[in-house]
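The primary structure of each chain is shown beneath.
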Amino acid sequence: AAMDTATTTSTTSSTTTSNTNSTATTNAEMTFASFLEKMRKPAASDLVSAIKHFIAAFHTGTPDPARDSRRLQDFLRTTEAAFRAHILWRNASADDLEAAGEALEKYIMTKLYPLTFAVSPDDTRRDAAIARKFQALAFLKPEHLDIPPEHRVEASWLLAQKELCKCDSYKAPRDKLVCALNCCRIISNLLRVAAEQGAPPGADDFFPVLVYVVVRAAPPRIVSNLEFIARFRAENRLVSEAEYFLTNLMSAVHFIETMRSEALTSLSEDEKHVLDSVDDDAETNESANDAVDAAAPAPPAPGANVAALPPAPARLPPAPAATYKTVAQLYNEGEALVVAAEESGELLSAHPFLYYAPEDLLLSDVPRLLAAYKETALKLEALTRAISSGSR
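Residues numbered from 1 in each chain as written. Predicted model: local features only at pLDDT ≥ 70, side-chain atom pairs only at ≥ 80, totals over all residues. Heavy atoms only, no water.

**Q** Would you take a moment to explain helix α9 (residues 222-232) for this structure?
**A** Helical geometry note: an α-helix holds 3.6 residues per turn, so side chains three or four residues apart project in the same direction. The buried fraction of α9 is high, at 10 of 11 residues. Within α9 the residues assigned to the buried category are I222, V223, S224, N225, L226, E227, F228, I229, R231 and F232. Along its buried surface, α9 packs onto α3 (65-85), α4 (94-116), α5 (121-136), α6 (154-165), α7 (173-194) and α10 (240-257). (Buried < 20%, exposed > 50% of the residue type's maximum accessible area, 1.4 Å probe, protein only. Helix = DSSP H or I, 4+ residues; strand = E, 2+ residues; numbered from the N terminus. Contact = heavy atoms within 4.5 Å.)

**Q** So what exactly am I meant to see when it comes to the pattern of salt bridges here?
**A** Oppositely charged side chains can pair when the atoms bearing their charge come close. Under the counting rule described, the total for this entry stands at 23 salt bridges. R174 is paired through a salt bridge with E102; the nearest N and O atoms lie 3.9 Å apart. Separated by 72 residues along the polypeptide, R174 in helix α7 and E102 in helix α4 bring together distant segments of the chain. Three or more residues joined by partner-sharing salt bridges are found here, namely E80, E98, E102, E105, K106, R174, D175, R233 and R237. (Salt bridge = Lys/Arg side-chain N within 4 Å of Asp/Glu carboxyl O.)

**Q** Would you take a moment to explain the nonpolar core for this structure?
**A** A general tendency of soluble globular proteins is for nonpolar side chains to be buried together. Judged by nonpolar contacts, the single largest core of 48 residues is most densely connected at L137, I187 and I256. Secondary-structure elements contributing two or more residues to this core are α5, α6, α7, α8 (203-217), α9 and α10. Excluding residues within four positions of it along the chain, L137 makes contact with V215, R216, I256, M259, L264 and L275. Core analysis: the second largest hydrophobic core is formed by 29 residues, I51, Y113, F117 and F232 among them. (Core = buried A, V, L, I, M, F, W, Y, C linked by side-chain atoms within 4.5 Å.)

**Q** What's the story with the packing of aromatic side chains in this structure? I'm lost.
**A** We describe a pair of aromatic rings using the distance from one ring centre to the other and the angle between the two ring planes. Under the definition given, this model contains 13 aromatic pairs. Where F35 meets F83, the ring centres are 6.3 Å apart and the plane angle is 65°; that geometry is what we call edge-to-face. Highlighted residues: F35 in helix α1 (residues 2-39) and F83 in helix α3, separated in sequence by 48 residues. Through a chain of ring-to-ring contacts, three or more aromatic side chains come together here, namely F35, F83, W89 and Y107. Above the plane of the ring of F117 lies K176, whose end atom (NZ or CZ) is 4.5 Å from the centre. (Phe/Tyr/Trp six-rings, centres within 6.5 Å; stacked < 30°, edge-to-face > 60°. Lys NZ or Arg CZ within 6 Å of the ring centre and 35° of its normal.)

**Q** Teacher, can you tell me more about α3 here?
**A** Taking 1.5 Å per residue as the helical rise, α3 with its 21 residues ought to reach 30 Å, and the 30 Å between its terminal C-alpha atoms agrees with that figure. The complete set of buried residues in α3 reads P65, D68, S69, L72, Q73, F75, L76, T79, E80 and F83. (Expected span 1.5 Å × (residues − 1).)

**Q** Is there a simple way to think about the side chain of Q73 in this case?
**A** Examined against the element boundaries, Q73 turns out to sit in helix α3. Residue class for Q73 comes out buried when judged on its relative accessible area of 4%. When sequence neighbours within four positions are dropped, the list of residues in contact with Q73 reads R231, F232, R233, A234 and E235.

**Q** What's the story with the environment of D127 in this structure? I'm lost.
**A** On the secondary structure map, D127 appears in helix α5. In this structure the C-alpha to C-alpha distance between D127 and N225, which are 98 residues apart in sequence, comes to 9.6 Å. Look past the residues within four positions of D127 in its chain and what remains in contact with it is R221, I222, V223 and S224. A polar contact is formed between the side chain of D127 and the backbone nitrogen of I222, at a distance of 3.4 Å. (Polar contact = N/O pair within 3.5 Å; in protein donor to acceptor, adjacent residues only side chain to side chain.)

**Q** Got a minute to help me understand the environment of F58 in this structure?
**A** The topology assignment puts F58 in helix α2 (residues 45-58). Taking C-alpha positions, F58 is 9.4 Å from R71, a pair spaced 13 residues apart along the chain. Aside from chain neighbours lying at most four places away, what touches F58 is D68, R71, L112, L115 and T116.

**Q** Which parts of the structure should I look at to understand the packing of α7 against α8?
**A** Two measures define how a pair of helices packs: the angle their axes make with one another and the distance between the axes. As a packed pair, α7 and α8 sit with axes 10 Å apart at the nearest point and diverge in direction by 130°. Here α8 runs oblique to α7, going by the angle between their axes. Once α7 is placed against α8, the crossing between them reads as right-handed. Facing α7, whose interface residues are C183, C184, I187, S188 and L191, α8 presents D205, F206, V209, L210 and V213. Grouping the amino acids of the contact of α7 with α8 by side-chain chemistry returns eight nonpolar, one polar and one charged. (Axes fitted to C-alpha atoms, helices over the stretch in contact; angles between N-to-C directions. Parallel < 35°, antiparallel > 145°, perpendicular 65-115°, else oblique. Left-handed = near helix turned anticlockwise from the far one by under 90°. Nonpolar A, V, L, I, M, F, W, Y, C, P; charged D, E, K, R; others polar.)

**Q** How do you make sense of the state of the cysteines when you look at a structure like this?
**A** Each disulfide consists of a covalent bond between the sulfur atoms of two cysteine residues. The final tally for this structure, using the stated rule, is zero disulfides. Counting only cysteine sulfurs, C184 is the nearest neighbor of C183, a cysteine outside any disulfide, at a range of 5.0 Å. Accessibility expressed as a relative area gives 0% for C183, which makes it buried. (Disulfide = S-S within 2.5 Å.)

Given below as C-alpha cells:
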C-alpha cells in the first residue's frame, strides 16, 4: 500500500508539473512574441520610448536593491495603466492585458538582469553561508526533522528538488517563481495524498518536508533567487498561493541559515559538532579576514618603484575544470540576445516570417517556410545532442 501511494504521488506530481511547465512555457513564449510584435508598431512609439528610458536610467549609479525594487514596481504599475488606455489594447480582454503586463516584466528584467540579480553583498554573503550549511547537513535524515514515514516519498522529493534547482537557470522573476511554486506544489500534493486516510495536512506537516527538500537540493544561489523574486515580481501578481509558498520558502531558508543542533532530533555527538562548527568557523574566518584586510599593505602609488615587490610565483595554479551548460541554461541566456537582435532589426532581417499572421502568408511562401523549418530543426537537434553529450 505504501508503494502504491508513493507511485501515485510521484506520477501525479510529475504529470501535473510536466503539464503545467509545458502549458506555461508555450503560453509565455506566445505572449512574449506577441508583445514584441505590438512594440514594433508605430503606435507603440511612446511606450517603447518610456521603456527604453527606464532601462537606460538603471545603468546610472550603483545598484541598490531596495530602491531599484521600488522603481520597478512604480514603473510596472504606471505602464500597465497606460496599456489599458492605449490604442493598441483597445477592446482588449482582461487576459490580454494581464499577458501584456507579464511580457513587460519579462522584457525589462531580462534587460536588467546583470544589474539586479545577486548584486547585493548581503545576498551573496548569505548564499555562501548557506552553501556551507548545506554541506554540513549532508547527514540530514527525515527523522531528524520528525517527518513521519507516510510523508517520506523519495520520488516526489527528488522531483521537488529538481524544480527548485531550476530557479537559477531563468532570468525573469515569473519564470523563477514558477520553479519555486512547482517545488511547493509537489510537496503539498504528496501530503494531500498521504492524508487521504487521516487528518488533512497543515503547516506543521508542510514545513519540515520543505526544509528537508531544500537541504537535499542545495539549490545554487537560493538566497539571491528568492530575494530577486520578492523584489522584482510585480506586487499585484505576488499574491495568494504565490505569496504563501514564497514566504514558506524564505522561512525555510532562514531556518536553515540559523539552524543549530538543538533544532534537530536524535543527532549523534559528531553530527552536532559538524553542524554547530559551521557557524563557529564562519565567525572565526570573518574575524581573521577583517584582521588580514587591516594588516594588508597599501598598493604601490602610481610611478612607484615596483622592483622591490616580491617576485611572482614560478608556477600558475591549475586552470579550473571545464564546465558545460545545459540546453535550458543556454536558451535562457540567449533570450537577452534575442531581445537585442529584435531591437536592432537583425531578427526580422534573418527571419522575415517571424511576425507574419496566418492571413499574411501566400502559397508561394510554403517552399521557403519548409526549407527554413528543416534547417532550424536540424540545427536544434545538432546543438541539443552535442550539448547533452558533452554534459555527461
